[in-house]
Structures are given as C-alpha cells and as structure tokens.
Amino acid sequence: MADLYQPKPEHKFTFGLWTIGNQGRDPFGAAVRLPLKPTYSVKKLSELGAYGVNLHDNDLIPFDASASERDQIVKEFKQALNDYGMKVPMATTNLFYHPVFKDGAFTSNDPKVRAFAIQKTMNAIDLGAELGATIYVFWGGREGAEVDAAKNGPDTIKWNREAMNFFTNYVKDQGYSMRFALEAKPNEPRGDLYLSTTGHMLHFIETLDHPEMVGVNPEFAHETMAGLNFLHGVVQAYEAGKLFHIDLNDQKMSRFDQDLRFGSENIKLAFLLVKFLEDTGWDGSRHFDAHAYRTEDEQGVWDFAAGCMRSYLILKEKARRFNEDSEIQGMLSEIRVRDEELEGLMSAYSAESAKQLRTMDFKPDELAKKGLQYEKLDQLTFEILMGVR
Ligand code: GLT
Ligand code: MN
Ligand code: MN
C-alpha cells in the first residue's frame, strides 16, 4: 500500500524560505544554525515532497544587492525551481528587518520612510510576479506602536489604506494576475500592532478601492496569541470569500509568537482546521509558517518540515474517517436539525414572516429539555484522533 502520509506536490505544501531558513535567533540568544542557500532549500524541500517555496524579497536578494547581483541571484534561483519542479505561489516584502522601519513602514510618521516602503514593495511585487507568484502577502510587522501618543491614530489606518490602494492599482497597471492577502498579528515585534486580528482586516478590506483583489492570510499562531479561536477566523474569512492564503503552524495561548510545527500543540483544533480545508475543497497552498525548535541542527530543520506535512496528511486521513464514521454522521444529522418552513421564515424579513413568527408558540421550556449529545460527539472525535476508532 502506498504511504498515505507521504507528501506529494499535489498536496500543495509550501514553506517560506524564512521558515526552514530560521537560524534559531531569539531576543536572548544568537543564531544556532548556519544560513541555508535558497537554491539548496528548494532542492531539499522538493525531495521531501513539497510543492513550492514562498519568500520575502530579502530572503532571496540581500537588502543592498546591486541590480546585476539581483539578476544573477534570480537567474540561479529560477534555474533551481525549474530543476526541482518547485513553484513560488506567494511572495511578500520584508518591511521589518532594516532599522529604517523601526517605527513602521506604511505607518511611519516620516513620509520618506513611507515612500521608501512603497518603492521597496513595488520592486518586491515585480520580483514575485517574475517568479510566478499569484498571491502577495502583507504582514505589517512594524506597523504598530509602543507610544500611542506619538501618532494620530486615524492617520495610521489612512496611510495603510493608501498603500494598499497604491499597490492594487500598481498591479492592475502592470497587468499582473496577483491578489493580496493581509496577515494580522496582535503584537510582536511592536508592543501593539495595528489591524491586529483577521476580523480587523476583514473590515479594513471593505474600505479599499479594489476590495475584490484583497483577502486575508490568517495565521494559527497569531489568532491564538490574541486569545481567539483560529478556526472561527478562518471560517469567517472563507464565508466572506476572503480566504486567499493561510499560515499553518501552532502556538500556546498567551505567549510570544512561537511558530511551532503544525499539529504539535493543539491537535484537536489542527484536526478541525484540516477537516474544514479539505471538506470545503480549499485549493490554495497549505503553507507552513513555522520553524524548528532552537535545539535543532540542520537535520532537525528537515525533520520539522517533514513533520508539518506528515501531520497534515495524518489529520486529513482522520478527517476522512470522521466523515465516514456512521455513528458520528448519524449523530450529526440529528444534532443539526433542519426545518424548512421555519428556516424559510427566518431567511428573509417580510411583514408576513414577522407576523407568522409572532403568532407561533415555541414552548421554550420543552425545547430547553433536549440534551445535545456534544459530550459523546467530542469523545468520538477524540477516539478518532487517538486511533482507537
Ligand atoms: C515573519 C512573520 C510571519 C509572516 C511572514 C511574512 S514573516 O516570519 O512572523 O508571520 O507571515 O511576512
Ligand atoms: Mn505568518
Ligand atoms: Mn507567527
């Protein structure tokens, strides 16, 4: 029997160059691993069964590279993509590392810094388009504050909006087929970040010139840091037609951004997420935005990458079992009660439906007596996950 859990390109697993390239630096300690050459990462990830890699401009091209150095690097990288059959479905801009962005990029108080951020992003969009990326992520790592008195709050929203409008129009002008995915985070590296959750982003998008070009890139760790249920954010984005990309990883609640291996902490939520993506036929990348523990050497990095993909496939197989479990499905059809007549009345207001609803006797005390069997459903879910079912 073929190994069900062997990742293949058709599964659309992707990694950021910055994820496997993470050298294990943290605020208290230096790098523990050597940098990886992007072309080498492409080769290694393709051997593990990945579909592609995603990148920031500076994951590939050093900040201060000359035009000819840039062209040479891009040429070699494209050759590696071609040699190993790997794609670059998503690209993004590093607007957080260089000290010039210490007070933000698009929301810096200094118009020169904001203009430089726009210039840098146009170049990075060109790079993404050249590599074939159709999704462009915006994560505003430095768009935030420690001292709120320093900025006129509404300006930060307006500057962010103007930047997004600038880029959607730029992409249209260039004729690129590219859509944007906005990624929220509540804090870190700034004390507080603006547009801090997927929910904030979903509203912000509706205020843009071309909202149809812009969706979200929810990240498991970031919503969890905010104390939120990641699945709920993903579901809301999906229902709004705004789930353009997804950052899979794991995270303990109320901690710094841990970016843990997918499935390593909250197994049940990871399962429900995989089940949701698979049940809805998500056809985008399964992108892992995580990194190996600081304890690891290079082999540990590849163990980490293989683990993310294998865990996803294991959870996908569990989702199949859940969907084919007749006891569970029987319970679900009882739990998810349907009533065509009532649902018709509630689905749209009319004077007539209001009148009818007013005259009905719902017997709330009777309704309240019904047990819902969620204890049993949750136990059966656990048993599926533990492999005893
Ligand atoms: C950075 C951040 C991630 C973002 C990446 C895209 S960079 O590693 O922690 O969550 O998705 O800018
Ligand atoms: Mn992310
Ligand atoms: Mn993160």
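Residues numbered from 1 in each chain as written. Chains lettered and ligands numbered in written order. Predicted model: local features only at pLDDT ≥ 70, side-chain atom pairs only at ≥ 80, totals over all residues. Heavy atoms only, no water.

Student: Even after reading the chapter, I still don't get the overall build of the protein, so can you show me in this structure?
Tutor: Along the protein, the regular secondary structure elements total 16 helices and ten strands. Its C-alpha atoms put the protein at 75 × 55 × 45 Å along the principal axes. Burial status across the protein gives 47% buried among its 389 residues. Within the structure as shown, the protein displays about 19,800 Å² of accessible surface, and the carbon and sulfur contribution to it stands at 53%. Of the charged side chains in the protein, 45 are positive and 59 negative, and the gap between their average positions amounts to 1 Å. (Helix = DSSP H or I, 4+ residues; strand = E, 2+ residues; numbered from the N terminus. Buried < 20%, exposed > 50% of the residue type's maximum accessible area, 1.4 Å probe, protein only. Areas by Shrake-Rupley, 256 points an atom, 1.4 Å probe, with all protein chains shown as cover. Lys, Arg positive; Asp, Glu negative; His and termini not counted. Charge placed at Lys NZ, Arg CZ, Asp CG, Glu CD.)

Student: Sorry, what's going on with the pattern of salt bridges here?
Tutor: Side-chain pairs of opposite charge can arise whenever the charged atoms involved come near each other. Here the structure, examined in full by the defined rule, presents 25 salt bridges. Glutamate 47 is the salt-bridge partner of lysine 43, the closest N and O atoms lying 3.2 Å from each other. You can see lysine 43 and its partner glutamate 47 sitting in helix 2 (residues 38-48), four residues apart, about one turn around the helix. On the accessibility criterion, glutamate 47 (47% relative accessible area) is partly exposed. Ionic contacts of the salt-bridge type, sharing partners, join the residues Arg70, Asp71, Lys78 and Glu130 into one network. (Salt bridge = Lys/Arg side-chain N within 4 Å of Asp/Glu carboxyl O.)

Student: I'm lost on the coordination of the manganese ion (ligand 2) in this one. Help?
Tutor: Under ideal tetrahedral coordination, the four donors around a metal are separated by 109.5 degrees; under ideal octahedral coordination, the six donors are separated by 90 or 180 degrees. Coordination sphere of the manganese ion (ligand 2), protein contribution only: Glu183 (OE), Glu219 (OE), Asp247 (OD) and Asp289 (OD), at 2.0 to 2.1 Å. Taken in sequence order, the residues that donate to the manganese ion (ligand 2) follow the motif E-x35-E-x27-D-x41-D. Between the manganese ion (ligand 2) and the manganese ion (ligand 3), both coordinated by glutamate 219, there is a metal-metal distance of 4.5 Å. One end of the pair, aspartate 247, is in strand 9 (residues 247-248); the other, aspartate 289, is in the loop between strand 10 (286-288) and helix 11 (298-324), with 42 residues separating them in the sequence. Taken as a pair, aspartate 247 and aspartate 289 share a single burial class, namely buried. (Donors = N, O, S within 2.8 Å, 3.2 Å for Na, K, Ca; no water.)

Student: Could you clarify how one ought to interpret the site of ligand 1 in this entry?
Tutor: Taken together, Trp18, His56, Thr92, Phe96, Trp139, Glu183, Glu219, His222, Asp247, Asp257 and Asp289 form the complete shell of residues around ligand 1. Take glutamate 183: an N or O atom from its side chain is 2.6 Å from an oxygen atom of ligand 1. When the free accessible area of ligand 1 is taken as 310 Å², the share hidden by the protein chains comes to 91%. (Near = heavy atom within 4 Å. Polar contact = N/O pair within 3.5 Å; in protein donor to acceptor, adjacent residues only side chain to side chain.)

Student: Honestly, the sheet that holds strand 3 (residues 90-92) in this entry has me stumped. Any pointers?
Tutor: The strands making up a sheet associate through backbone hydrogen bonding, with each pair oriented either parallel or antiparallel. Here we have eight strands laid out as an open sheet, ordered 8-6-4-3-2-1-10-9, and parallel in their pairing. In this open sheet, the two edge strands, each paired with only one partner strand, are strand 8 (214-216) and strand 9. Pairing of strand 1 (residues 13-16) with strand 2 (residues 52-56), which is carried by three bridges, proceeds in the parallel orientation. Within the sheet, the bridge partner assigned to threonine 14 lies in strand 2 and is glycine 52. (Pairing = 2+ DSSP bridges.)

Student: Even after reading the chapter, I still don't get the environment of arginine 389, so can you show me in this structure?
Tutor: Here arginine 389 lies in the segment after helix 16 (374-386). Separated by 67 residues in the primary sequence, arginine 389 and phenylalanine 322 have C-alpha atoms spaced 9.1 Å apart. If we ignore the near neighbours within four places in the chain, the residues touching arginine 389 are Arg321, Asp325, Glu327, Ile328, Leu380, Glu383 and Ile384. (Contact = heavy atoms within 4.5 Å.)

Student: I tried to follow the nonpolar core on my own but got confused; where do I start?
Tutor: Soluble globular proteins tend to bury their nonpolar side chains together. With 90 residues, the main nonpolar core has Phe77, Phe262 and Leu273 as its most contacted residues. Broken down by element, the residue count for this core peaks at eleven residues, all from helix 11. When sequence neighbours within four positions are dropped, the list of residues in contact with leucine 273 reads Phe220, Phe230, Leu231, Val234, Ile246, Leu248 and Phe262. If you look at the next biggest cluster of nonpolar residues, it comprises five residues, including Met90, Val137, Ala181 and Phe244. (Core = buried A, V, L, I, M, F, W, Y, C linked by side-chain atoms within 4.5 Å.)

Student: Help me out: how do you make sense of the coordination of the manganese ion (ligand 3) in this one?
Tutor: Around the manganese ion (ligand 3), the protein supplies Glu219 (OE), His222 (NE2), Asp257 (OD), Asp257 (OD) and Asp259 (OD) as donor atoms, at distances of 2.0 to 2.6 Å. As a motif over one chain, the donors of the manganese ion (ligand 3) read E-x2-H-x34-D-x1-D.

Student: Quick question: what am I supposed to make of helix 11 here?
Tutor: The periodicity of an α-helix, 3.6 residues per turn, causes residues three or four places apart in sequence to face the same way. The end-to-end C-alpha separation of helix 11 is 40 Å, in line with the 39 Å expected for 27 residues at 1.5 Å each. The N-cap residue of helix 11 is aspartate 297: its side-chain oxygen and the backbone nitrogen of glutamine 299 are 3.2 Å apart. (Expected span 1.5 Å × (residues − 1).)

Student: Explanation requested: a nonpolar patch on the surface in the structure shown.
Tutor: Taken together, Phe382, Met386 and Val388 make up a surface patch of nonpolar side chains, about 320 Å² in accessible area. Its place among the elements puts methionine 386 in helix 16. Judged by its relative accessible area of 45%, methionine 386 is partly exposed. (Patch = residues over 30% accessible without salt bridge, like charges linked within 9 Å, V, L, I, M, F, W, Y side chains within 5 Å.)

Student: Is there a simple way to think about the layout of surface pockets in this case?
Tutor: A probe matching the size of a water molecule, rolled over the atoms, marks out where space remains unfilled. Approximately 380 Å³ is the volume attributed to the second largest pocket. In terms of lining, the second largest pocket is formed by 17 residues, of which the most central are Leu272, Lys275, Phe322, Arg336 and Leu377. Only helix 9 (230-239), helix 10 (267-279), helix 11, helix 12 (326-335) and helix 16 provide two or more residues apiece to the lining of the second largest pocket. Looking at the lining of the second largest pocket, the element that brings in the most residues is helix 10, giving five residues. Class assignment of the residues belonging to the lining of the second largest pocket gives a composition of nine nonpolar, three polar and five charged. (1 Å grid on protein atoms, 1.4 Å probe; cavity = no way out; pocket = protein on both sides within 12 Å on 5 of 7 lines; lining within 4 Å. Points joined across faces, edges and corners; volume = space filled by probe spheres on them. Nonpolar A, V, L, I, M, F, W, Y, C, P; charged D, E, K, R; others polar.)

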